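# Structural description and commentary
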Amino acid sequence: MLTKSQFWDYNSYITKLFSLKKMKAKLEALKKEFNDEAEKIKSLVDLESLENKYLSRKSGVLTLLMKEMKSVPKEEMPAVGKLANEVKQFLTNKLETIKSNLGNKNNSDTAFDPTLPGTEQPVGHLHMVSQAIREISGIFEDIGFQRERYPEVEWDYYGFEALNMPAGHPARDEWETFFIDREPINKKLGQRILTPHTSSGQVREMEKGELPIRMTNISKTYRRQIDASHSPMFHQFEGLVIDKDINISHLKGTVEYFVKRFFGEDREIRLRPHHFQFTEPSFEVDISCGVCHGKGCKLCKEGWLELAGAGMVHPNVLKAGGIDPKVYSGFAFGWGVERCYMMKSGLNIDDIRLLYKNDLRVINQF
Ligand code: FA5
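These lines cover the structure that appears in this document, whether it is placed above or below. In this text the structure is predicted, and so the values were computed from the model without any measurement. (Residues numbered from 1 in each chain as written. Predicted model: local features only at pLDDT ≥ 70, side-chain atom pairs only at ≥ 80, totals over all residues. Heavy atoms only, no water.)

Moving on to the site of the ligand. Neighbouring the ligand are 26 residues, the closest being His197, Ser199, Arg223, Gln225 and Ser231. At 2.8 Å, a side-chain N or O of Arg223 approaches an oxygen atom of the ligand. Within the backbone of Gly336, an N or O atom sits 3.4 Å from an oxygen atom of the ligand. If the ligand stood free it would expose 670 Å²; the protein chains cover 95% of that surface. Placement of the ligand is best described as lying within the largest pocket. For the shell around the ligand, the secondary structure elements donating two or more residues are β6 (233–243), β9 (304–313) and β10 (329–336). When residues of the shell around the ligand are assigned to their parent elements, the largest contribution, 5 residues, is made by β9. Tallied by class, residues from the shell around the ligand come to 10 nonpolar, 12 polar and 4 charged. (Near = heavy atom within 4 Å. Polar contact = N/O pair within 3.5 Å; in protein donor to acceptor, adjacent residues only side chain to side chain. Areas by Shrake-Rupley, 256 points an atom, 1.4 Å probe, with all protein chains shown as cover. 1 Å grid on protein atoms, 1.4 Å probe; cavity = no way out; pocket = protein on both sides within 12 Å on 5 of 7 lines; lining within 4 Å. Sits in = over half its atoms within 2 Å of the grid points. Helix = DSSP H or I, 4+ residues; strand = E, 2+ residues; numbered from the N terminus. Nonpolar A, V, L, I, M, F, W, Y, C, P; charged D, E, K, R; others polar.)

Here it is in structure tokens:
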């Protein structure tokens, strides 16, 4: 039989023993429960709420449990304290590991923070040659020209023959043509070529049989040439007007109108006599240099830059298109789109090949 004091000592011993065991069991259970939940974490948001649940300073599960440690006997306190710290360390390490794993996955879905400003997407723009083509079309549309489209893979007939350059004519050499067929494959149309100029659209337009004509033909053209001012693929724009009583002053007025709109009011034009088989008389069109304004400089040498060919449509070409040259007359001109763009005031592009190198450092400037 225990004495009263022995009973109280024993009773307090048992109580303390139980509270110590209970504390250890609770810490182990907490660790296991936390671990199970941690294994299921898939996002930083979930991770944050897990951390709050267990470690929040006021209401974290571990924080509350540690407050219960007061019930543990003093002499057992260091052992329980040590265990509690180990559990806390385990929790903290685990949270850190999950966090860095989620970060490494760089999972934008899980890392999504709706409060952050959006990422600005790069916006592209039209290539400068396309910009120039649009501008040129618009300028001519304003005075009643309609844009037509003709094949880039063209027949010899439309590129040369119908333009008063029969087979074997030496004038053809100037067009440095790429041929698709070695020999003619069609009796009338000859062999296929990559069209070397937009003038190949002239007779095609006339063949439609609709008069008067006021058209532009802007297209890719091809020649066996390459240097700072020549590209094997380049663009030309052609103007063709056929009506009654058309004369050189109409040609000059139209060219002048285009130059002032595209290059600026301060630019002048000059028609220099030249020879084309398909126009008579023929001219080369020069514009006053945008750098020295006609005085002469390193770029232009003598104050003028050559940009186009032009002239009054040759009677033989009208005939090839089924038009009576005694009733109708017309003018035509053909310009290089790239050359025009390069000569636009303020743009210092000194090599045509820069336009086609696809170097974004160049393209993004325009
Ligand atoms: C012609 O091609 C004639 N068809 C123009 C014409 C049309 C004359 C209508 C009369 C009536 P030319 O070969 O000069 O002409 O070329 C015209 C323009 O195209 C040149 O002034 C130049 O600006 C451009 N050009 C010619 N070859 C190239 C090339 N390889 N690279 C870039 N631009 C070129």
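Resuming the write-up.
We now examine unusual backbone geometry. Here the amide bond leading from Leu211 into Pro212 is cis, since omega sits at -5°, within 30 degrees of zero. As for its position among the elements, Pro212 is in the loop between α7 (201–207) and β5 (213–222). In the segment running from Glu280 into Pro281, the intervening peptide bond is cis, with an omega of 0°. Tracing the backbone through its elements, the reader meets Pro281 in strand β8 (residues 279–288). The backbone phi angle of Asn164 is positive, close to 70°, even though this residue is not glycine. By the secondary structure assignment, Asn164 is in the loop between α6 (156–159) and β3 (178–179).

The α-helix advances 3.6 residues per turn, and as a result positions three or four apart in sequence lie on the same side. Given a rise of 1.5 Å per residue, 14 residues ought to cover 20 Å, and the 20 Å separating the end C-alpha atoms of helix α5 (residues 128–141) matches this to within 8%. Every buried residue belonging to α5 is among Met128, Val129, Ala132, Ile133, Ile136, Ser137, Ile139 and Phe140, and all of these are buried. (Expected span 1.5 Å × (residues − 1). Buried < 20%, exposed > 50% of the residue type's maximum accessible area, 1.4 Å probe, protein only.)

What follows concerns the sheet that holds strand β7 (residues 269–276). Pairing is mixed across the open sheet formed by 7 strands, whose spatial order is β1-β5-β6-β10-β9-β8-β7. If you trace the sheet from one side to the other, it starts and ends with β1 (146–148) and β7, each paired once. Shown here is a sheet whose adjacent strand axes are inclined to one another by a mean of 25°, direction ignored. The sheet strands contacting helix α8 (residues 248–263) are β6, β7, β8, β9 and β10, and the helix crosses β10 at an angle near 30°. (Pairing = 2+ DSSP bridges. Axes fitted to C-alpha atoms, helices over the stretch in contact; angles between N-to-C directions. Contact = heavy atoms within 4.5 Å.)

Moving on to the side chain of Asp181. Looking at where Asp181 falls in the secondary structure, it is placed in the loop between β3 and β4 (192–194). Among the polar contacts listed, one links the side chain of Asp181 to the side chain of Arg192, at a separation of 2.8 Å. When residues no more than four places from it in sequence are discounted, the contact partners of Asp181 are Gln191 and Arg192.

Turning our attention to the packing of α5 against α8. With their axes 10 Å apart at the nearest point, α5 and α8 run at an angle of 135° to one another. One way to sum up the angle between α5 and α8 is to call them oblique. Read as a crossing pair, α5 and α8 show a hand that is right-handed. Touching Ala132, Glu135, Ile136, Ile139 and Phe140 of α5 are Thr254, Tyr257, Phe258, Arg261 and Phe262, all from α8. Of the residues that constitute the contact of α5 with α8, the class distribution is 7 nonpolar, 1 polar and 2 charged. (Parallel < 35°, antiparallel > 145°, perpendicular 65-115°, else oblique. Left-handed = near helix turned anticlockwise from the far one by under 90°.)

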